[in-house]
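Commentary on secondary and tertiary structure
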Amino acid sequence: DSGVTQTPKHLITATGQRVTLRCSPRSGDLSVYWYQQSLDQGLQFLIQYYNGEERAKGNILERFSAQQFPDLHSELNLSSLELGDSALYFCASSPGQGGSPLHFGNGTRLTVT
Amino acid sequence: SQQGEEDPQALSIQEGENATMNCSYKTSINNLQWYRQNSGRGLVHLILIRSNEREKHSGRLRVTLDTSKKSSSLLITASRAADTASYFCATDDSNYQLIWGAGTKLIIKP
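Before going into details, it helps to say that this report is about the structure given with it. As the structure is a computational prediction, the values presented were derived from the model and not from experiment.

For chain A, the helix and strand inventory stands at zero helices and eleven strands. Shown N-terminal to C-terminal, the secondary structure of chain A runs as helices and strands in the order β-β-β-β-β-β-β-β-β-β-β. When the 113 residues of chain A are sorted by exposure, 48% land in the buried category. Across chain A, every contact between residues at least 6 apart in sequence was considered, and the portion connecting residues at least 24 apart equals 55%. As displayed, chain A offers around 5300 Å² of accessible surface, 45% of which is attributable to carbon and sulfur atoms. Averaging the coordinates of the 8 positive side-chain charges in chain A and doing the same for the 10 negative ones gives two points 3 Å apart.

The pairing of strands in a sheet happens through backbone hydrogen bonds and is either parallel or antiparallel. All names here are of chain B. An order of β1-β3-β8-β7-β6 is seen for the five strands of this open sheet, with the pairing classed as antiparallel. Each edge of the open sheet is held by one strand with a lone partner, namely β1 (5-7) and β6 (55-58). Taking each pair of neighbouring strands and ignoring which way they run, the sheet shows an average axis angle of 20°. Relative to strand β8 (residues 71-76), strand β7 (residues 61-66) is paired through six bridges, and the arrangement is antiparallel. When the bridges of β8 are listed, T64 appears paired with S73.

Cut-offs used in this document
Residues numbered from 1 in each chain as written. Chains lettered and ligands numbered in written order. Predicted model: local features only at pLDDT ≥ 70, side-chain atom pairs only at ≥ 80, totals over all residues. Heavy atoms only, no water. Helix = DSSP H or I, 4+ residues; strand = E, 2+ residues; numbered from the N terminus. Buried < 20%, exposed > 50% of the residue type's maximum accessible area, 1.4 Å probe, protein only. Contact = heavy atoms within 4.5 Å. Areas by Shrake-Rupley, 256 points an atom, 1.4 Å probe, with all protein chains shown as cover. Lys, Arg positive; Asp, Glu negative; His and termini not counted. Charge placed at Lys NZ, Arg CZ, Asp CG, Glu CD. Pairing = 2+ DSSP bridges. Axes fitted to C-alpha atoms, helices over the stretch in contact; angles between N-to-C directions.

Geometric values such as these leave the question of function open.
Right under this line is the structure:
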């Protein structure tokens, strides 16, 4: 068990809708990372938060947004969903801003129909 | 853009054999990490090797790093069915942002 909790595990929704994915990092970790993994593909880095502040941004679409709350949990909001947004969305956490191993949650599988 | 590129893309071996996967990268790094992902699950960190290290061991895992060739290899000895998974390398840039390869899919045949 990595200590990183993601909810929900599965999400099925229609095109054009908006969803929110939630992540609780491992106890003591200040950084939260969001990744997208399409079927049989590698990881696409979306965004990183460190202690409530955005630290790094990857290939995150404008339709997507995220935030990290004072209790360090994070939410990823996906709006105006398209079929191509169907993927596994992973959250990971680490103690510092970078340079140490990441601990991954088991992901949220999003299916857009 | 992807910095780490794993080779081969897929590998199928018999249980008990050794499995070797390679990772190449393009720019200077601070460290290189290897992760395992079982189908549909989150990634699990295996090993981290720093740029000033050449070899590291963890159980049945052996990782080497050649910074002159910008490459790393992951060796799994005496493979088991439970080693069936995808393996990813990740390198960090000067800002400690991880850049991931596309992964090697390893299948261990009983």
